[in-house]
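# Analysis of the macromolecular model
One-letter residues, chain by chain:
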Amino acid sequence: MLVTAEEMLKKAKAGKYAVGQFNINNLEWTKAILATAQELQSPVILGVSEGAGKYMTGFGTVAAMVKAMIEEMNITVPVALHLDHGTYEGCYKCIKAGFSSIMFDGSHLPIEENIEKTKELVAVCKGMGMSLEAEVGSIGGEEDGVVGMGECADPEECKKIADLGVTMLAAGIGNIHGVYPANWKGLSFETLAAVSEKVGDMPLVLHGGTGIPADMIKKAISLGVSKINVNTECQLSFAAATREYIEAGKDKKGKGFDPRKLLAPGAEAIKATVKEKMELFGSVGKA
C-alpha cells in the first residue's frame with residue numbers, strides 16, 4: 001500500500017533524520033530498493049523522473065509495478081511513489097496514474113508563475129490525498145534536459161511557496177545533480193539556515209545527494225533537511241558491478257548470460273548503496 005510522503009517527513013523533521021528518495025529505473029532497481037527498506041525497517045520514497053517514466057512505457061506501468069511488488073514482496077514499511085522534477089503536465093499524468101506524491105518543478109519559471117501553478121496543484125493534491133514537493137532556485141547539473149547552475153534559492157521566495165501549503169520544499173543551496181566537479185564550493189549552509197528559519201516546520205529536500213560528504217549531509221539534516229535524493233550513486237554502483245561481472249567473463253560460463261544472473265551483481269550493488277545511505281541519513285528502524 002502506497003502512502004504519501006507527508007507523515008514520514010514530519011516524523012523525520014521532528015526526529016532529526018532524513019528519508020531517502022531513491023530513483024527507480026526498472027524492475028531491478030525497484031526490487032532492490034524495496035527489499036533494502038524492508039530489511040532495514042526504513043521508510044522510503046521511490047522517485048521517478050519523467051525520462052525514467054517514459055523509458056518504463058509510462059507512469060501507469062510504473063505505478064502498477066510498484067503496487068504489485070509491495071504486495072508480492074510483503075513490504076510493510078511506508079513507501080511513497082513520487083514524481084521527481086515534474087513538469088505541470090507530468091504532474092497531472094502521475095495524479096491520474098495513481099502516484100502517492102508528486103514534485104512540481106517550477107524553479108525555471110518566473111516566481112509568479114511558479115506560485116500560480118504550485119497553488120493549483122496544492123488544491124488538487126489535497127483533494128486527492130497526495131503529498132506535493134515544490135522547488136525554488138534551480139539545482140545544478142542536468143536532469144531530464146533541465147540544466148541548472150546550482151544557484152542558491154531566495155529565502156523570501158521559499159517562504160512564498162511554502163505558505164501555499166506544499167508538503168515539502170526543495171531549495172537550491174549550491175547542490176547539483178550528477179557527479180560533483182573538483183572545484184565545487186560545497187553546500188551553502190547560510191542559505192539553508194535562512195530558508196529553514198523562513199519556512200518553520202516544513203521538511204526541506206536536498207537534491208543531488210550523490211557525492212556530498214557525510215559531514216555536510218549530517219549538517220544539512222540538523223538544519224531541517226528531511227528528504228535526500230539519490231540517483232547517480234546507485235547508477236554508478238550498478239554499472240561498476242555489471243562491468244566487473246562481464247570483464248571477469250562470468251556471462252560466458254554456464255548460463256551466466258541469463259539476465260537474472262547478469263543483472264544480479266548490479267542489483268546487489270544497489271542494495272549496498274541504499275543501505276549505506278539509509279544508515280547515513282538515520283532512517284534505519286524508523287518505519
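Use the structure listed above.
Turning our eyes to something else, we now look at the packing of helix 4 (residues 59-72) against helix 5 (residues 88-97). As a packed pair, helix 4 and helix 5 sit with axes 9 Å apart at the nearest point and diverge in direction by 40 degrees. Classified by the interaxial angle, the pair formed by helix 4 and helix 5 is oblique. Seen from above, helix 4 lies across helix 5 with right-handed handedness. Judged by residue contacts, Phe59, Gly60, Ala63 and Lys67 of helix 4 engage Gly90, Lys93, Cys94 and Ala97 from helix 5. Partitioned by chemical class, the residues of the contact of helix 4 with helix 5 number 4 nonpolar, 2 polar and 2 charged.

Neither face of strand 4 (residues 101-104) is open: one carries Ser101 and Met103, the other Ile102 and Phe104, and all of them are buried. Relative to strand 4, strand 3 (residues 79-86) is paired through 3 bridges, and the arrangement is parallel. Bridge pairing in strand 4 places His82 opposite Ser101. In this view, the connection linking strand 3 to its parallel neighbour strand 4 by way of helix 5 has right-handed handedness. Examined bridge by bridge, strand 4 and strand 5 (residues 131-136) share 4 bridges and lie parallel to one another. Bridge pairing links Ile102 to Leu132 in strand 5. Between the parallel elements strand 4 and strand 5, the chain passes through helix 6 (residues 111-128) in a crossover that is right-handed.

What counts, and where the lines are drawn
Residues numbered from 1 in each chain as written. Predicted model: local features only at pLDDT ≥ 70, side-chain atom pairs only at ≥ 80, totals over all residues. Heavy atoms only, no water. Axes fitted to C-alpha atoms, helices over the stretch in contact; angles between N-to-C directions. Helix = DSSP H or I, 4+ residues; strand = E, 2+ residues; numbered from the N terminus. Parallel < 35°, antiparallel > 145°, perpendicular 65-115°, else oblique. Left-handed = near helix turned anticlockwise from the far one by under 90°. Contact = heavy atoms within 4.5 Å. Nonpolar A, V, L, I, M, F, W, Y, C, P; charged D, E, K, R; others polar. Buried < 20%, exposed > 50% of the residue type's maximum accessible area, 1.4 Å probe, protein only. Pairing = 2+ DSSP bridges. Right-handed = clockwise from strand over helix to strand, strands pointing away.

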